[in-house]
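Geometric and topological summary
Listed below, chain by chain, are the residues.
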Amino acid sequence: MKSSLLPRLLCAACMTLAFVMAQAATPPDNVEVRYKDPQHFTEVMRSSGPHLIDTSAYLKPLKDYIAQRASRILAPGQRLDIEVTDVARAGEYEPWRGPRFDDVRIIKDIYPPRIDLDFTLYGADGKVLSEGSRKLRNPAFLNQISASDQDPLRYEKSLIDDWLRKGTTKL
């Protein structure tokens, strides 16, 4: 009798974990994030030769992150539309280091992350509460991120977090 309890508990735990992960992966319906001409982003323009950048490797996760984080600061009924107009990820390729460094992004303070965006915040009644453009920058980005963080978008996500941390009244 005891041996059949363990598989049931494991099954229940797996189902709960799957449910939680599905909830986290569901994009919020009160935030819309779009990219305006991503083929002209600074990050893509840097892409050439051995440094050909797969935009899907960073644009989709960044879009999902922005939507999830932004939905947390909105009051019930509010809606936020964000159009990202440029992305330059932290770091740069330094080809003069030799062929062994062809696919290594060098992170230095002279290569900070940058995100430019336009936004419109709507109230529950559909009226525009605020709108504007932001150029997200942090020249001291290396002093704020833990070295143990292995997320490849940690610097860009930090820019988003800093912007949203102010709340909807100071977007």
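Residues numbered from 1 in each chain as written. Predicted model: local features only at pLDDT ≥ 70, side-chain atom pairs only at ≥ 80, totals over all residues. Heavy atoms only, no water.

Considering the packing of helix α3 (residues 59-73) against helix α4 (residues 154-164)
Any two packed helices are characterised by the angle at which their axes cross and by the distance between the axes. Between α3 and α4, whose axes approach to 10 Å, the crossing angle comes to 20°. Comparing their axes, α4 and α3 come out roughly parallel. Between α3 and α4 lies a crossing whose hand is right-handed. Two secondary-structure elements touch here, α3 through Leu-62, Tyr-65, Ile-66, Arg-69, Ala-70 and Ile-73 and α4 through Glu-156, Lys-157, Ile-160, Asp-161 and Leu-164. Among the residues making up the contact of α3 with α4, the classes are represented as 7 nonpolar, no polar and 4 charged. (Axes fitted to C-alpha atoms, helices over the stretch in contact; angles between N-to-C directions. Helix = DSSP H or I, 4+ residues; strand = E, 2+ residues; numbered from the N terminus. Parallel < 35°, antiparallel > 145°, perpendicular 65-115°, else oblique. Left-handed = near helix turned anticlockwise from the far one by under 90°. Contact = heavy atoms within 4.5 Å. Nonpolar A, V, L, I, M, F, W, Y, C, P; charged D, E, K, R; others polar.)

A look at the nonpolar core
If you look at the biggest cluster of nonpolar residues, it comprises 29 residues, and the most contacted ones within it are Phe-41, Tyr-58, Leu-80, Ile-82, Val-84, Ile-115 and Trp-163. Elements represented by at least two residues in this core include exactly β1 (31-35), α3, β2 (79-88), β5 (114-122) and α4. For this core, the leading source of residues is α3, giving 6 residues. The contacts of Leu-80, once residues within four sequence positions are left out, are Asn-30, Val-31, Glu-32, Ala-70, Leu-74, Phe-119, Thr-120, Leu-121 and Leu-171. (Core = buried A, V, L, I, M, F, W, Y, C linked by side-chain atoms within 4.5 Å. Buried < 20%, exposed > 50% of the residue type's maximum accessible area, 1.4 Å probe, protein only.)

Describing the environment of Pro-76
Counting through the fold element by element, Pro-76 comes out in the loop between α3 and β2. A relative accessible area of 79% means that Pro-76 is categorised as exposed. For the pair Pro-76 and Gly-123, spaced 47 residues apart in the sequence, the C-alpha separation amounts to 8.9 Å.

A word on the side chain of Glu-92
Structurally, the position occupied by Glu-92 is in strand β3 (residues 92-93). Judged by its relative accessible area of 18%, Glu-92 falls in the buried class. Leaving out residues up to four positions away in the same chain, Glu-92 has contacts with Arg-46, Val-104, Arg-105, Ile-106 and Tyr-111.

Things to note about the side chain of Lys-157
Position of Lys-157 among the secondary structure elements: in helix α4. The residues touching Lys-157, leaving out its near neighbours within four places in the chain, are Tyr-65 and Asp-151.

Observations regarding the pairing of β5
In terms of burial, β5 is a largely internal element, 7 of the 9 residues being buried. The pairing of β5 with strand β6 (residues 128-137) spans 9 bridges and is antiparallel. Paired with Asp-116 across the strands is Lys-135, a residue of β6. Between the end of β5 and the start of β6, which pair antiparallel, lie 5 residues, with Gly-126 showing a positive phi angle near 90°. (Pairing = 2+ DSSP bridges.)

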